[in-house]
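Next come the chains, spelled out residue by residue.
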Amino acid sequence: MAGFREGAQALHAPRSVDQHIHEKENVLRKALEGVRVLDMTHVQSGPSCTQLLAWLGADVVKLEAPGGDVTRKQLRDIPNVDSLYFTMLNCNKRSITLNMKSPEGKRIFTELLPRFDILAENFGPGAIDRMGFGWDVLQEINPRLIFASIKGFGDGRYTHYKAYEVIAQAMGGSMSTTGFIDGPPMATGAQIGDSGTGIHAVAGILAALYQREHTGRGQRVTVAMQDSVLNLCRVKLRDHQRLQRGPLNEYPNNEFGDEVPRSGNASGGGQPGWAVKCAPGGPNDYVYVVVQPVGWEPIANLIGRPELVTDPEWSTPDARLNKLDKMFQLIEEWSMGLGKWQVLEILNQYNIPCGPILSTKEIIEDESLLANDMVVRVDHPERGEFTTVGCPLKLSDSPVDVRTSPLLGEHNADVYGEELGLHDQLVTLKAKGVI
Ligand code: CAO
């Protein structure tokens, strides 16, 4: 951690040229090198957060109950091998096991804690307190500790409730605003409740680490899944308030009540957009097209309706607002004669923002995603090679090297033996179910 502190202090202290050179020579190879995370997270929301910290260079030690994170066994595709659910969310971490309900487990935990900068968890409400390690206790053991918790909900009537991905989508404003008006509320495939919350937690943890450089104190970071989804649904709350002044003209809906309706594939932004069908008509043969004001002329020409460029009924964004459905129908009549990749190419020749709907197969085979290390092949000691999603944060001085997730308890000897000097007790601790 010493290198990290020096680096951060240097940010606010005046530096001489000599100091600059000296710092450059001692440059950190990873942004979070020296930062240590004791990772008690499980399932998705927490592990997605700590995996990012690991990719940024932190030493992330995942502490699991002796039975392991439940996702090691969930949705297994190969018998007796850690599931892809687990391997894709726990790369670059180390694994130790510890029974937090045994007195010896609690003692070992108390010895471990001062060696870490961050403790992360996303247990059900109250679980960490029931283990005997509430914030007061943790602070006493390690005043510099940053204690990050992900829960379903913030303080209030839902505090004590457990939460999963789609529950957060339901209660954060996403489900009521996703789908078509004549259909039920819909969940989105993007895991905004779990991984979306994990990313929010990363931001909170990094801010707390930076503040600690000034105060010397750790702090509590809490992030709720409902709050994170709501943060991502900000524009829907914008539209809710706009409703008081009249209908939302850019929505495809004809009627408006006192709540934001589901609006199908409408763009949600200031520029209208829609997914139009393409040939040969398969489930993902669509292109999402956004019609900016400058895009109308080339689009009208491309679709064979040049007269609409100057027709006052069509020539301005305002004039088109009450017939967006008709506008996208005209575009679709054109796009249905072309494949989605052709449409992408043609529209981009005119700088018209658009995107083909990519299937998971197309994504996993996409050359540019592979080249950018966003689709990454990783070697796992038991399953062989697997494919995962790489790190979307690209730092020029902190390259990410995606490495396998750990086997359960793989690093017990390293951490308990090397760090705590418990080499001789490892076999007994294992036999007693402590590790
Ligand atoms: N040693 C001993 N016991 C351990 C342990 C360890 N190392 N790690 C966890 N446990 C115990 C906990 O102490 C808890 O025991 P008690 O309830 O008896 O105190 C028990 O495991 C269950 O913990 P849990 O409530 O976290 O797990 P669950 O399967 O019942 O619930 C979930 C799962 C996800 C609903 C809940 O953890 C939750 O609401 N988390 C917060 C929201 C969240 O992150 N959701 C994400 C869901 S998908 O990414």
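For the structure given in this document, a descriptive report is provided here.

Scoring rules and cut-offs
- Residues numbered from 1 in each chain as written.
- Predicted model: local features only at pLDDT ≥ 70, side-chain atom pairs only at ≥ 80, totals over all residues.
- Heavy atoms only, no water.
- Helix = DSSP H or I, 4+ residues; strand = E, 2+ residues; numbered from the N terminus.
- Buried < 20%, exposed > 50% of the residue type's maximum accessible area, 1.4 Å probe, protein only.
- Contact = heavy atoms within 4.5 Å.
- Areas by Shrake-Rupley, 256 points an atom, 1.4 Å probe, with all protein chains shown as cover.
- Lys, Arg positive; Asp, Glu negative; His and termini not counted.
- Charge placed at Lys NZ, Arg CZ, Asp CG, Glu CD.
- Patch = residues over 30% accessible without salt bridge, like charges linked within 9 Å, V, L, I, M, F, W, Y side chains within 5 Å.
- Salt bridge = Lys/Arg side-chain N within 4 Å of Asp/Glu carboxyl O.
- Pairing = 2+ DSSP bridges.
- Axes fitted to C-alpha atoms, helices over the stretch in contact; angles between N-to-C directions.
- Near = heavy atom within 4 Å.
- Polar contact = N/O pair within 3.5 Å; in protein donor to acceptor, adjacent residues only side chain to side chain.
- Nonpolar A, V, L, I, M, F, W, Y, C, P; charged D, E, K, R; others polar.
- Arc of directions from axis to C-beta.
- Phe/Tyr/Trp six-rings, centres within 6.5 Å; stacked < 30°, edge-to-face > 60°.
- Lys NZ or Arg CZ within 6 Å of the ring centre and 35° of its normal.
- Expected span 1.5 Å × (residues − 1).
- Parallel < 35°, antiparallel > 145°, perpendicular 65-115°, else oblique.
- Left-handed = near helix turned anticlockwise from the far one by under 90°.

### Topic: the overall build of the protein chain
Then, number 1: In terms of helices and strands, the protein chain carries 19 helices and 11 strands.
Then, number 2: Oriented by its inertia axes, the alpha-carbon framework of the protein chain measures out at about 85 × 55 × 50 Å.
Then, number 3: Across the 435 residues in the protein chain, those meeting the buried criterion constitute 44%.
Then, number 4: Of the contacts formed within the protein chain by residues at least 6 apart in sequence, a portion of 65% connects residues at least 24 apart.
Then, number 5: Accessible surface, the protein chain as shown: approximately 22,300 Å² in total, 54% of it carbon and sulfur.
Then, number 6: One finds the centroid of the 43 positive side-chain charges in the protein chain at a distance of 5 Å from the centroid of its 54 negative side-chain charges.

### Observations regarding a nonpolar patch on the surface
Then, number 1: Taken together, Y164, I167 and M171 make up a surface patch of nonpolar side chains, about 290 Å² in accessible area.
Then, number 2: Tracing the backbone through its elements, the reader meets M171 in helix 8 (residues 165-171).

### Quick notes on the sheet that holds strand 9 (residues 354-356)
Then, number 1: In space, the 3 strands of this open sheet follow the order 7-8-9, with antiparallel pairing throughout. A strand with exactly one partner marks an edge of an open sheet, and here the two such strands are strand 7 (273-277) and strand 9. The average angle at which neighbouring strand axes cross in this sheet is 20°, direction not considered.
Then, number 2: Relative to strand 9, strand 8 (residues 286-290) is paired through 3 bridges, and the arrangement is antiparallel. What sits directly across from V287, in strand 9, is P356.
Then, number 3: Set on the sheet, helix 14 (residues 324-335) makes contact with strand 7 and strand 8; between it and strand 7 the angle comes to about 35°.
Then, number 4: Packed on one face of the sheet, helix 15 (residues 340-349) meets strand 8 and strand 9 and runs near 165° to strand 9.

### Focus: the pairing of strand 3 (residues 93-97)
Then, number 1: Buried residues dominate strand 3, accounting for 4 of its 5 residues.
Then, number 2: Alignment of strand 2 (residues 59-64) against strand 3, held across 5 bridges, turns out to be parallel. Bridge pairing links V60 to K93 in strand 3.

### Observations concerning the site of the ligand
Then, number 1: Around the ligand sit 24 residues, and of these Q44, K101, G124, R130 and K162 come closest.
Then, number 2: Note that an oxygen atom of the ligand is positioned 2.8 Å from one of the backbone N or O atoms of Q44.
Then, number 3: A65 is positioned with one of its backbone polar atoms (N or O) 3.4 Å from a nitrogen atom of the ligand.
Then, number 4: Split by residue class, the shell around the ligand holds 11 nonpolar, 7 polar and 6 charged.

### Some thoughts on helix 5 (residues 103-112)
Think of an α-helix as turning once every 3.6 residues; residues three or four places apart then point the same way.
Then, number 1: Every buried residue belonging to helix 5 is among G105, I108, F109 and L112, and all of these are buried. The buried side chains of helix 5 occupy one side of the element, clustering within an arc of 105° when seen end-on.

### Topic: the packing of aromatic side chains
Then, number 1: In this structure the tally under the stated criterion is 7 aromatic pairs.
Then, number 2: When the centroid spacing of 5.4 Å and the interplanar angle of 55° are considered together, the rings of F153 and Y158 count as tilted.
Then, number 3: Among the residues examined, F153 registers a relative accessible area of 5% and is labelled buried.
Then, number 4: Chaining the aromatic ring pairs together yields one cluster made of F153, Y158 and Y161.
Then, number 5: The side chain of R36 reaches across the aromatic face of F116, ending 4.3 Å from its centre.
Then, number 6: Taking NZ or CZ as reference, K323 lies 5.5 Å from the ring centre of W314, over its face.

### Overview of helix 9 (residues 195-215)
Then, number 1: Counted at 1.5 Å a residue, the expected span for helix 9 with its 21 residues is 30 Å, and the 30 Å between its end C-alpha atoms agrees.
Then, number 2: Taken together, the buried positions of helix 9 are occupied by G196, T197, G198, A201, V202, I205, A208, L209, R212 and E213.
Then, number 3: Count one or two residues on from helix 9 and you reach G216, which has phi positive near 80°.

### Focus on the side chain of R320
Then, number 1: By the secondary structure assignment, R320 is in helix 13 (residues 317-321).
Then, number 2: A polar contact of 3.3 Å, which involves the side chain of R320, links it to the backbone oxygen of S315.
Then, number 3: For R320, the residues in contact, after removing those within four places along its chain, are P293, W296, E313, W314, S315 and M327.

### Observations concerning the packing of helix 3 (residues 45-55) against helix 9
Then, number 1: Taken N-terminus to C-terminus, the directions of helix 3 and helix 9 make an angle of 50°; their axes are 7 Å apart at the nearest point. Comparing the axis directions of helix 3 and helix 9 gives the class oblique. In this structure, helix 3 crosses over helix 9, and the sense of that crossing is right-handed. Across the interface between the two elements, S45, S48, C49, L52 and L53 from helix 3 touch S195, G198, I199, A201, V202, I205 and L206 from helix 9.

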